[in-house]
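Each chain, letter by letter, is given below.
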Amino acid sequence: KQEVTQIPAALSVPEGENLVLNCSFTDSAIYNLQWFRQDPGKGLTSLLLIQSSQREQTSGRLNASLDKSSGRSTLYIAASQPGDSATYLCAAPSSGTYKYIFGTGTRLKVLA
Amino acid sequence: SQTIHQWPATLVQPVGSPLSLECTVEGTSNPNLYWYRQAAGRGLQLLFYSVGIGQISSEVPQNLSASRPQDRQFILSSKKLLLSDSGFYLCAWNAGADTQYFGPGTRLTVL
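Because the structure is predicted, anything quoted here is derived from the model rather than measured.

Definitions and limits used
Residues numbered from 1 in each chain as written. Chains lettered and ligands numbered in written order. Predicted model: local features only at pLDDT ≥ 70, side-chain atom pairs only at ≥ 80, totals over all residues. Heavy atoms only, no water. Helix = DSSP H or I, 4+ residues; strand = E, 2+ residues; numbered from the N terminus. Rg over C-alpha atoms; globule rule 2.2 N^0.38 Å. Buried < 20%, exposed > 50% of the residue type's maximum accessible area, 1.4 Å probe, protein only. Contact = heavy atoms within 4.5 Å. Areas by Shrake-Rupley, 256 points an atom, 1.4 Å probe, with all protein chains shown as cover. Lys, Arg positive; Asp, Glu negative; His and termini not counted. Charge placed at Lys NZ, Arg CZ, Asp CG, Glu CD. Phe/Tyr/Trp six-rings, centres within 6.5 Å; stacked < 30°, edge-to-face > 60°.

**Q** Would you mind showing me how to read the overall build of chain A here?
**A** When you go through chain A residue by residue, the secondary structure sums to zero helices and eleven strands. Mapped in sequence order, the helices and strands of chain A form the string β-β-β-β-β-β-β-β-β-β-β. The globule rule puts the C-alpha radius of gyration for 112 residues at 13 Å, and the 13 Å found for chain A is close to it. Oriented by its inertia axes, the alpha-carbon framework of chain A measures out at about 45 × 30 × 20 Å. A total of 112 residues make up chain A; the buried ones form 44% of that total. Of all intrachain contacts in chain A linking residues separated by at least 6 positions in sequence, the fraction that spans at least 24 positions is 54%. As displayed, chain A has an accessible area near 5200 Å², and 48% of this comes from carbon and sulfur atoms. In chain A, which carries 10 positive and 8 negative side-chain charges, the distance between the mean positions of the two groups comes to 6 Å.

This is how it looks when you write it as structure tokens:
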């Protein structure tokens, strides 16, 4: 059974700092892993999807890596901005299904 | 381009009343469809998912049900709401093993 854990639960950083968010999963037989952003009271916005054959994906200031053997993914945010403040969630599929299991998220606050 | 709609945006219902939330997707065919619930301060819980018309998988035994009467329509229902049904309900879709796209959500308060 897939379980997804995100650490830390909350993070507060000054503007301009580079930061790393962590995601761990227990079942490494995944075909992809997704990172999402959620603003308060809103739906989730897809940030990056990493296929199992890839080690990382980049979009602008965001870079996500995937290490299936260790059951870990990281989301790197470069030069953080106050607009990056949100909750970041990762999701991994449950083995052999289209069901996604979500972590409880990291609540990020970037201070101006 | 593909879009996903959910309505209503907010809903306040008394305990014991029925519920119907609707989700529709445009611009794609045969999507996988998902209903999630996010309770206050908690993570995203998968309630139902569907890989085709009439094919519904239930993840959590409770007083909710889902139906998929058309290819791009997914409905979440209840005959009698409980206080514990309060939360933020999100519909999502994807194509196969591709990225999941979420709707704007419905905030349900059961009083």
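What follows picks up the thread again.
**Q** Even after reading the chapter, I still don't get the packing of aromatic side chains, so can you show me in this structure?
**A** For any pair of aromatic rings, geometry is given as the distance between the ring centres together with the angle between the planes. Here the structure, examined in full by the defined rule, presents ten aromatic pairs over all chains. A ring pair is formed by phenylalanine 36 of chain A and phenylalanine 102 of chain A, whose centres lie 5.5 Å apart and whose planes are at 40 degrees; its orientation type is tilted. Linking phenylalanine 36 of chain A in strand S4 (residues 32–38) with phenylalanine 102 of chain A in strand S10 (residues 100–102), this pair joins segments that are 66 residues apart in sequence. Like phenylalanine 102 of chain A, phenylalanine 36 of chain A is buried. Taken together, a centroid distance of 6.0 Å and an interplanar angle of 85 degrees make the contact between phenylalanine 102 of chain A and phenylalanine 102 of chain B edge-to-face. With phenylalanine 102 of chain A in strand S10 and phenylalanine 102 of chain B in strand S10 (residues 101–102), this pair bridges two chains. Each member of the pair, phenylalanine 102 of chain A as well as phenylalanine 102 of chain B, carries the same accessibility label: buried. Pairwise contacts between aromatic rings join Phe36 and Phe102 of chain A together with Tyr34, Tyr36, Tyr49 and Phe102 of chain B into one cluster.

Keep in mind these values describe shape, not function.
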